[in-house]
Structure formats: structure tokens, C-alpha cells
Amino acid sequence: MDVELLSRLQFAGTIMFHYLFPPLSIGLGLQLFLCELAYFRTGRLEWEAAARFWTRVFAVNFAMGVSTGIVMEFEFGTNWAAYSRFVGDVFGSALAAEGIFAFFLESGFLAVLVFGWDRVGPKMHLFSTLMVFLGSMFSAVWIVVANSWQQTPAGYHIVWQDVQGEMIPRAEVTDFWSMVFNPSSVDRLTHTLIGALVLGAFFVASVCSYYLLKNRHEEVAKRCLAIALPTSLVFTLLAAITGHDSAQKLVETQPAKLAAMEGHFHSSENPTGLNLFGWPDSENETVQFNVKVPYLLSLMVYNDPTKPVPALDQIPEDERPPVWLPFQTFHLMVALGMLMLAVSSLACWSWYRGSYGSKRWLLWAVALMPLAAMTANQAGWITAEVGRQPWIVYPSVQDGVQMMGLRTADGLSESVTAEQVLGSIILFGMIYSLLFAVWVFVLNNKIQHGPETAKALAEYKRHLQIDSMPEKIRRSGNPLGGDMMEEGTR
């Protein structure tokens, strides 16, 4: 058993499981805020019922995201100690910023969002919902910044430390904002956040379409669809645009990754075509069963159909990434993106024509779209991470000075064994399987229960007002039967 392979599988498994929840929290946060904003502006109880329902769903998902994210910080220390020493200064600042500016903001207002519906005024509650949504966005900002720095490092230099007689390299931040705005952080951040917003929009549209299929909660479902369907279309379009920008940046910053994503093995002075699909064969350096569109890759990368794109043969053999996996996951992500764009366009057109609720095939298609969005997010992450191999931190040039990178094999802990990693993978698998089952069970219960009707919510609020009368009387200092009791019984 190879300790490097097992450690990579362990980290990939835990982060892919964790990555199911934060994008959904971010996307749901926006939908929740828009529902509550509609209630705040119109006063209609259908919107309040929708916002209360999505709050409950959001809370379940948020708890799962927090609990599954803690594990990775321990893995940095147990399995990737050499890597942690190398990037500790950089990651420390980014993760500290996440804790101070994002997690505290998100967590602080989460209690008001979940438990404050009947305890604070509508303005305060709406403000808390907005803060929770922004907090989830800011949290993603710092995580993506830290990850992007590994792909395109900037604002640092290498210092050497004597550790028990051995000289150990360490990346030290010299320019914080250059580190934050490294060459890929903005493109990667916008694409990642938009992918989360796509997932949230489709999740809400999916649940509401399911309600229409079952003829349940139609009043609330139709209102939520009026927000979810247009936002799914807008964000799917934006995902395509930001994805294109990211690919254009790759040819400058990580040409090996771009070549692997496209199965582009051999350089040529001719324009470069784009493989729509195929089966890369790295041993023979070809793509089998492929369909290739001439000029298209040159056009998409350079906006010039005649300019050739550099291939893997320009990269030293020991610095080339694997090809098959990033090729397939990249093409899967693009295909799912096109599918989501087509479905959201049809759904919006049907909604505009007033026929959405009568087209059961379209309702089912939208109901399944969260699976496509989650798979696309995961496929994009795999493409980004496998495509940067064999580097865990890319080498770079800073102020004209060549900076060393860190290979993945050199980032491992010296003392951890393959048997220990395998044992932890089995335990993680058991615990995460249980957590996933609990998440599905609780989420299904909440979806099956659904939102309250406007009538039921109005009755609940009326009872709440009556039940609180004795407390109002106590605070007012008036005796029972005074003005407040009379007010409460009118």
C-alpha cells in the first residue's frame, strides 16, 4: 500500500463529502434571503411560510457543513505535516481571516435566523438572514483564496529553517494582498461561488417542482419557483462565462493542467481543435473515440482560431499531470453545465408562458437538477486538484526570482504509515455513511412536512399573540383585566 495514494484518497474523500454541504448552504442562503425580502416588502404570509421552511432546511445543511469541515484541519497535521510546515504562514493568515470575518459573522447571526422568528422584528430578522448569507460567501472567499494560492502562488518568498539539524523550506508572506489576489483567485472564486448559487437555485426549484407534481403546498411552491427558476438561468449563464474566463487564464498560469483537461498531447504550429469527448490514452499519447472540432480550442483560449495552444510535450515528463481523470471530469462538468442551461431555459420559458405546472416531464427534469449541479461542482473540484499534480504548491517566479514549489509526495508526514491511513479511511467511511444517512433522513422529513399554509401561519401568530398577553401584562405593571387584557381580547 502506498501511503501517498492512500493519503490523497483520504483527503479527497473527506473534502468531497464536505463539499456537498457548503455550496448548498451558500445557494440556499440567497434563496432564503430573497424569500424573506419578498415577505418584508409585501407582508404576505406565503412568503413568510416559505422563508421559515427554507430556514429549517438551511439549518440542517449548515450543521452538516460545519461538522464535516473540521476533519480536514486535523488531516493537515496528521497526514500532511511537511505540507503544513511549507504553507503554514500563508494558510494561517487566510484561515484566520475566515474565522474572524466570515465564520463568526455567519455563526453569530445564525441563532437569530433560526430561533428569532418570533423574538425579533422583521427588519432585524431580515438583516440577520443577509448576514448569514454574506458570512457563508466570505467563508468560501478565504478558502478559495488559500487554495488558489497553491495553484498560482504570489506575494511570498522562501525561507529556510534549521529543524533539528535539517534545513526545511517554508513559504513566508511578503505581500498579503498579492497573496489574496494571486493570479487565479478572482476567476476561481467567482466560478466557485456561482456554482454554489446554481445549486441553491436548482435545489429550491427541485423541491417546489416536486410539490407541484404531488399537488402539495402549491401556494408556496409557485412563489418560490418565481425566484428559483430565473436565478437558476442567470447563474447557469454566469457559470459558463466565468468558466470560460478561468480556462483562458489557465493557458498562462497552468498550461499543463489545460493540456490535460483537453487531452492535448502534441504541440503543433497549426490551430488547435477541441475534443468534445473521447478516451485519453496517456501511454500512446492519443485520445481514442474522440470527436474533435477544428480551431475551437484556439478560439476559446486565445479568441484567435489560428493560434496554437501549447501541449503536454512542452512540459517535462516528471511534471505532467494525469490526463484521463481531469479530461473526463472537465468534460462531464461542461456537459452538465450545458444540460442545466437547457433545462433552466426551458423551465423559464414555460413559466413565462404559464404552462410550467402542466408539463410533468419538465417538472421531473427540474426536480433532478440538484444532482447535476452537485456532480458538476464535484467534477470541477476534481479537475482543479488532479490537474495541478504532481504539485501541491506550484513553483513560480516572484520579483524575477524562481521560487521552488512543493510536490505532493514531499508534503506527506514523515511518521504516518499506510496502515494507519487505511484504518482511518475505513473509520471515516463508516462515520460519513452514517452522517449522510442522517442528513438524508432529516432532510426528507422536512421536505415531506413542507411549509405551513398562510392560514395555518396566521392562526399560529394569532395564538402566539394571545399566549404572550400575560407576559405583556406583567411587563406593563397593569393588573389583570386592565387595558392590555381588553386589547388582547378584542
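Above this note sits the structure.
Residues numbered from 1 in each chain as written. Predicted model: local features only at pLDDT ≥ 70, side-chain atom pairs only at ≥ 80, totals over all residues. Heavy atoms only, no water.

**Brief notes about the side chain of Gln389**
Heads up, the condition is: Secondary structure follows DSSP: runs of H or I at least 4 residues long count as helices, runs of E at least 2 residues long count as strands, and numbering of each begins at the N terminus. Any residue under 20% of the maximum accessible area for its type is buried, any over 50% is exposed, and the rest in between are partly exposed; the area is computed with a 1.4 Å probe on protein chains only. In protein, a polar contact requires one atom able to donate a hydrogen and another able to accept it; more generally it is a pair of N or O atoms within 3.5 Å, and residues adjacent in sequence count only if both atoms are side-chain atoms. Between two residues, a contact is recorded if the distance between any of their heavy atoms is within 4.5 Å.
Assignment of secondary structure puts Gln389 in the loop between α12 (360-387) and β5 (391-393). Residue classification places Gln389 among the buried positions, given a relative accessible area of 11%. Polar side-chain contacts of Gln389 include one of 2.6 Å to the side chain of Thr408. Every residue in contact with Gln389, bar those within four places of it in the chain, is listed here: Arg8, Glu319, Arg320, Pro321, Pro322 and Thr408.

**Quick word on the nonpolar core**
Here is the rule: Only buried Ala, Val, Leu, Ile, Met, Phe, Trp, Tyr and Cys residues count toward a nonpolar core, and they belong to the same one when joined by side-chain atoms within 4.5 Å.
Of all hydrophobic cores here, the largest spans 90 residues; its most connected members are Trp54, Phe203 and Tyr356. Per-element tally for this core: the top contributor is helix α7 (residues 185-213), with 16 residues.

**Concerning the packing of aromatic side chains**
What counts is decided by this rule: A pair of aromatic rings is counted whenever rings of Phe, Tyr or Trp (Trp by its six-membered ring) have centres within 6.5 Å, and the orientation is called stacked for planes under 30 degrees apart, edge-to-face for over 60 and tilted otherwise. Placement of a positive charge over a ring is assigned whenever Lys NZ or Arg CZ falls within 6 Å of the ring centre and within 35 degrees of the normal to the ring plane.
The full count for this structure, using the stated rule, is 23 aromatic pairs. Members of the aromatic cluster, joined through ring pairs, are Phe17, Phe21, Phe428, Tyr432, Phe436 and Trp439. In this structure, Arg407 packs its charged tip against the face of Trp391, placed 4.6 Å from the ring centre.

**What to know about the environment of Leu406**
The topology assignment puts Leu406 in strand β8 (residues 406-407). With relative accessibility at 7%, the residue Leu406 sits in the buried group. Once the C-alpha coordinates of Leu406 and Gly195 are considered, the two residues, 211 residues apart in sequence, prove to be 29 Å apart.

**A short note on the environment of Leu134**
One can find Leu134 in helix α5 (residues 122-151). Classification of Leu134 as partly exposed rests on a relative accessible area of 27%. Through-space distance from the C-alpha of Leu134 to that of Leu105 is 8.3 Å; in sequence the pair is 29 residues apart.

**Regarding the pairing of strand β3 (residues 274-281)**
Applicable threshold: In this scheme, strands are said to pair when DSSP sees at least two bridges between them.
Where β3 lies against strand β4 (residues 286-293), six bridges are found, and the strand directions are antiparallel. Counterpart to Asn275 in the pairing with β4 is Lys292. Between β3 and β4, which follow one another and run antiparallel, lie four residues, and Glu285 among them has a positive phi close to 55°.

**Focus: helix α2 (residues 22-42)**
Where we set the bar: The span you would expect from a helix comes to 1.5 Å times its residue count less one.
Look at α2: 30 Å from first C-alpha to last across 21 residues, which is about the 30 Å you get at 1.5 Å a residue. Here α2 lies mainly inside the structure; 15 of its 21 residues are buried. In the segment just after α2, Gly43 is the residue with positive phi, at about 75°.

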